[in-house]
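The lines below spell out each chain.
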Amino acid sequence: MLEYAWIIPVFPLLSFVLLILLRQTVTDKSSYIGIGLSGVSLILSGVVLLAQMSQGNLIKSVSWLSIGNIELTVGYLVNPLNAMMLVLVSLVSFLVHIYSMGYMKEDSRLNVFYAYLGLFTFAMLALVLSPNLLQIYMFWELVGLGSFLLIGFYFYKKEARQAAKKAFIMTRIGDIGLLIGIILLFWQTGSLELTSIFAAVEAGAMEEGMITLIAILIFVGAIGKSGQFPLHSWLPDAMEGPTPVSALIHAATMVAAGVYLVATLFPLYEASETAMLVVATIGAFTAIFAATIALVQKDLKRVLAYSTVSQLGYMMLALGSAGYVAGVFHLMTHAFFKALLFLAAGSVIHAVHTQNIEKMGGLWKKMKWTGPLFLIGALAISGFPLLSGFFSKEEILLAAWGEGHYVLFVLALIAAFLTAFYMFRLFFMVFTSPAKTNNVVKESPKSMTFPMIVLGALAVVAGYLNTPWFGTFLGDWLTAGNGFVEAHHAEGPIWIMLVTILLSLGGIYLAYVIYHKKSLERDFLSSTFPIAYTVMYNRYFVDEFYQMTVGYGARALGYLGVFLEKYIVNVIASLCSEIVQGIGKQGSKLQNGQVQTYGAVVFVGLVIILAVAVMQGGVFQ
Amino acid sequence: MDLDTLLQFEWSLMAPEFTILIVATVLSLLDLFLRKEVNRNHFAWLAMGGIALSFVFLLSQLGHESSMILFDTYRFDPFSISFKFVLLAGTFLVLLLSHSYKEAGEGGYRGEFYYLILIALLGGMMMASSADLITLFVGLEMLAIPSYILAGIQKRSTRSNESAMKYIINGGISTAITLFGFSYIYGLTGSTQLNVIAQNLSNITQSSAEGLAIMAFLITFVGLAFKISTVPFYMWTPDVYEGSPTPVTAFLSVVSKAAGFIIILRVFMSIFGGIAGIRLNETFLESMIIFIGVLASLTMIIGNTIALRQRNMKRLLAYSSIAHAGYLLVPFVALSPMAFESMWFYMIAYMFMTLGAFAVLQVLIRQSESEDLSIFSGLFHRSPGLAILMTIFLLSLAGIPGTAGFIGKLNIFLGALFTEPGNFTLVAIMLIATVISYIYYFGIFIQMFFRHAEFQTRIRLPKSISAVLVICAAGTIILGVLPGTLLDFYHQHIDFNELTGSLWK
């Protein structure tokens, strides 16, 4: 079966093509096409995963273009990481396809929506199968396109248009770094194949400074895609897209592509301590930075968005602390519980038609499924013992401790506390506080609750793939199947686990006290630290800062550009076109249909050539 | 020469040529003896069968070691074999295109069209294989004379007559100049055989007579420039292309032009490519290549700028083909190790995209009895399929990624930049010229997609035209997406060292 792994991305592509071609005929039925074809992908991904476990890795490539000695290939690679990502992406995508059937039911552009979902799923699946950086880059850009289209899906809303544009531009800034990194790698190793790059790194073919530079440049691409500081601010704005999209693209899969990229190129990063430290630092900083912003936001989806940014920071911290397994493990569990949270949030929004948590309340009794499922997600992300997030977060903290990054370790601990707090702030405000309106609230249809139930189950059990008690099955498999990554499991003192549990429970308890029992005033913190509150509420003024610097700077440049264009470029351009047209005019004047002229041109031409040759003595020195 | 000497030559190597010759002879006899009522259009199938057979024979010669027959005047080497493929495939497609061609008022072709085209093809194949100035010249004329007749094959059309007249006069001038150049070469070296010439010439270029060698080089090039229609010998092209029947235009712009490049490569590489040049540490060809570089640049610029002003589609494609001849000279000027490969690839890509464009043009001209740009107006609404096919061909001609034309241009660019020192000026001019060409190619897109249809009639596609369109579109896209298929074939069968060795001997 492994030989046919390439076929997995073909089905979503087919779905995209079919829906675009048949958009006139299958308006309502488009969801069935999308669901069916993504379901096929899911089944095949499962088969490939099992085949990988029994048969090991497979890499296949064919020569695509050879120029001189350089040979570019296309192909696909199945290793444990890729196989896991395949299942993850196709599973979440499949569930989101089903969920959208209910959520997007009223939308008249349902077919377009499913077509875009197909395009995105295709690109993402193809991305995780890529065996070389050229393919990775191509599909990396293509998932960016899918994300752009879906964020701007409600293009008649100004915010959606602007968010799409912002996402596109900010991720593109990161991509420039990635592209330069890839070009440098190619220049240094002469190949874009991952295997030959790793072999070159292992053989010490590159200087360490160069490795560091390349690794950091590629990490810049990952920063853009995974919404790490300072290129994070597009991700919360991307919540303008439909909620299923937020779950699929901006929580579970595409934003994790940055983490995936660093994980895929892990041997390259391991070769440079500086690069690792940069990754870990940016990750830890983003984790706590975004968590503080999430504390005070009032928009349900935005809180979740900042929480995504924060959790992605955790993953980067893990990778930067040599915790390959920890990072990938958290990537997987996060995909499940964050997709669950988004889908549950979507279900809430679907029911109450607002995203402002101040206007919600009392939904626990009215939404029999959504409430408990959201609770599961919140517990998982908070690191509540025995749920999936608990185990993966534990691994990350151990990795940071084991690597000796004590400052980062403390930051991550604080972020864990904050995570528990803001998640339960959400939970209590949305579900258990008294209802603010008398609107009739109904539970969402089955097509929406079913995917949530699946994800809820996974959010509970996925953690047991890799636990200190029952065995580190996932870690062994991931490292055994990758010849370039060493298996090392960070061991740490037992108190780390206890502290984490305490912090997580403490966060939950604090939220309980403030938002449920109300024994503490809601604003006792914000009134004590008004400045801190304002700063956090305004997201550290990062957007304003960009607006003042990059935004206005770009605008000033724009004015300069307009001026230059008007008075200099335009003059040159019209000069160019005059010249071109002039040559054409003169040339066609010569072309008068008289064969004598043609003969004369030949002879005059020959004479000129010979005259030049004679005068120059045949050569131009 | 007795019978034994004749029989000792390895005649089997000439099987591809013989096949064409026999089919042409049979066709001419059939034409003579068949009753008048028999439709001569069916000759096309016989002719195509002959070409296919010849193709098979040629395939069997792949990997055969280089050898010469007829007292070292006719040689079989990777160079000749690889380029004969282009000639055969091009002629095959032209025949397929001509099968359904009917000009208003005339009852289609007489049978002579088919055997004339085969004789012309035979001439081209001789040019590819010749190792002697005499055989080379015979091949050249054998291609040229049937072409003159073909251009004027519509006896009752004044335009066709005019075009034949102009073609033959210009051809005569070209022959005269070429022979003049050859006579210098012969006078300097006392031989007509290419490798003997090269040996003898190497003494000359070191002596005071080097001026004569320079003359010989330049005059011969200008003479041969007629076939590939580059500056200063390009002016006949639009007039002849416009007046000739469309399949003949296609033949001239693809097969005849390819033959022109073959002869230029053969003559200049083997005579001047291996001998010492004027300055130290370079070959004579390298010393002189700047002249060809300038001519190539002028050709690219003139072809593309004048094309901007054309509204007659055949003239437009004529100028576009002039520009493409300029592109094709770039690898020759750069003289990189990839030169043959990129020229060969580009010729094949050019064959697919140009013949495809001509096929569309032939259908539309027939339909609307006009050659004006406006025949494309609203094509997308009238016949979306045809419009999309034309889009593919035009994108490829313009060199947009995903098409064969892009890969061809990319190869040329890289080849020209990889040499030491890189030919930056030439590449820059080629880039500028390409950008200019976008304007007129995209002008056709505007007509096809954004204008209202002037003609409302439905378009019928004859089967043979559909076949040409499908083959050309498939070729253009496959070579654009998977260029490796063709390049691997080339690398596998054509040994590069042997190729250059055979030319530089």
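Our structure's up above, just so we're on the same page.
Quick look at the structure, then. (Residues numbered from 1 in each chain as written. Chains lettered and ligands numbered in written order. Predicted model: local features only at pLDDT ≥ 70, side-chain atom pairs only at ≥ 80, totals over all residues.)

## Remarks on the overall build of chain B
Note the cut-off: Numbered from the N terminus, helices here are DSSP runs of H or I no shorter than four residues, and strands are runs of E no shorter than two. Buried means a residue has 20 or more other C-beta atoms within 10 Å of its own C-beta, exposed means 12 or fewer, and partly exposed covers the counts in between; C-beta atoms are placed from the backbone. Contact between two residues is assigned when their C-beta atoms, built from the backbone, lie within 7 Å.
Assigned secondary structure in chain B consists of 21 helices and 2 strands. Across the 505 residues of chain B, 59% fall into the buried class. Sequence separation of 24 or more characterises 78% of the internal contacts of chain B that already satisfy a separation of 6 or more.

## Quick word on helix α7 (residues 158-189) of chain B
Selection criterion: For a helix, the expected span equals 1.5 Å multiplied by the number of residues minus one.
Helix length check: α7(B), at 32 residues, gives a terminal C-alpha distance of 46 Å against a target of 46 Å (1.5 Å per residue), a fit within 8%. Two residues or fewer past α7(B), B:Gly190 is found with a positive phi of approximately 75°.

## Let's talk about helix α8 (residues 208-225) of chain A
Residues and elements named next belong to chain A. In this model, α8 (18 residues) spans 26 Å end to end at C-alpha, consistent with the 26 Å of a helix rising 1.5 Å per residue. Of all the 18 residues making up α8, 13 are buried; the element is thus mostly covered by neighbouring parts of the structure. Immediately beyond the C-terminal end of α8, within one or two residues, lies Gly-227, with a positive phi of roughly 60°.

## Observations concerning the environment of B:Tyr184
Residue and element names in this part refer to chain B. Take Tyr-184: it is sitting in helix α7. Between the C-alpha atom of Tyr-184 and that of Ile-219, which follows or precedes it by 35 residues, the distance is 9.1 Å. With near-sequence residues (within four places) excluded, Tyr-184 lies in contact with Leu-212, Met-215, Ala-216 and Ile-219.

## Section: the nonpolar core
Inclusion rule: As used here, a nonpolar core is made of buried Ala, Val, Leu, Ile, Met, Phe, Trp, Tyr and Cys residues. They are joined through C-beta atoms within 7 Å. Where each domain starts and ends comes from a domain assignment, either automatic or drawn from a database.
Membership of the largest hydrophobic core comes to 207 residues, with the highest contact counts inside it found for A:Val262, A:Leu317, A:Ala339, A:Leu340 and A:Ala412. Counting contributing residues, this core receives three or more from each of domain 1 (1-131) and domain 2 (132-520) of chain A. Counting 190 residues, the second-largest nonpolar core is a separate cluster that includes B:Phe76, B:Ile289, B:Leu361 and B:Val363.

## Considerations on the packing of helix α9 (residues 210-228) of chain B against helix α12 (residues 284-307) of chain B
Residue and element names in this part refer to chain B. Stated formally: All axes here are fitted lines through C-alpha atoms, helices being fitted over the stretch that makes contact, and every angle between N-to-C directions spans 0 to 180 degrees. By the definition adopted for this analysis, an angle is roughly parallel if under 35 degrees, roughly antiparallel if over 145, roughly perpendicular if from 65 to 115, and oblique otherwise. Should the near helix be turned counterclockwise from the far one by less than a right angle, the crossing is left-handed, whereas a clockwise turn marks it as right-handed. Classification used: nonpolar for Ala, Val, Leu, Ile, Met, Phe, Trp, Tyr, Cys and Pro, charged for Asp, Glu, Lys and Arg, polar for all others including Gly.
Look at α9 against α12: their axes get within 11 Å of each other, and the N-to-C directions meet at 45°. If you check the angle between α9 and α12, you find them oblique. Read as a crossing pair, α9 and α12 show a hand that is right-handed. Facing Ala-213, Ile-214, Phe-217, Leu-218 and Phe-221 of α9, the residues of α12 in contact are Phe-284, Met-288, Phe-291 and Ile-292. Tallied by class, residues from the contact of α9 with α12 come to 9 nonpolar, no polar and no charged.

## Side note on the interface of chain B and chain A
With 40 residues of chain B in contact, the opposing surface of chain A contributes 28 residues. When grouped by side-chain class, the residues that make up the side of chain B that touches chain A number 28 nonpolar, 6 polar and 6 charged.

## Details of the packing of helix α1 (residues 10-21) of chain A against helix α2 (residues 30-55) of chain A
Residues and elements named next belong to chain A. Running from N to C, α1 and α2 cross one another at 165°; their axes reach a closest spacing of 8 Å. On the basis of their axis angle, the class for α1 and α2 is roughly antiparallel. In terms of crossing hand, the pair formed by α1 and α2 is right-handed. Contacts between α1 and α2 involve Phe-11, Pro-12, Leu-14, Ser-15, Leu-18 and Leu-19 from the first element and Ser-30, Ile-33, Gly-34, Leu-37, Ser-38, Val-40 and Ser-41 from the second. By residue class, the composition of the contact of α1 with α2 is 8 nonpolar, 5 polar and no charged.

## Things to note about unusual backbone geometry
Here the amide bond leading from A:Phe229 into A:Pro230 is cis, since omega sits at 5°, within 30 degrees of zero. Within the fold, A:Pro230 resides in the loop between α8 and α9 (234-237). Backbone geometry places A:Leu386, a non-glycine residue, at a positive phi of 75°. For A:Leu386, the location among the structural elements is in the loop between α17 (370-382) and α18 (388-402). We classify A:Leu386 as exposed; it has 12 C-beta atoms within 10 Å. If you check the backbone angles, B:Ser229 has positive phi at about 45° while not being a glycine.

## A word on the environment of B:Ile471
All names here are of chain B. Tracing the chain through its elements places Ile-471 in helix α19 (residues 463-481). Here Ile-471 falls in the partly exposed class, since 18 other C-beta atoms lie within 10 Å of it. Note: C-alpha distance between Ile-471 and Leu-93 (378 residues apart in sequence) is 8.7 Å.

Geometric descriptors of this kind do not, in isolation, establish any biological role.
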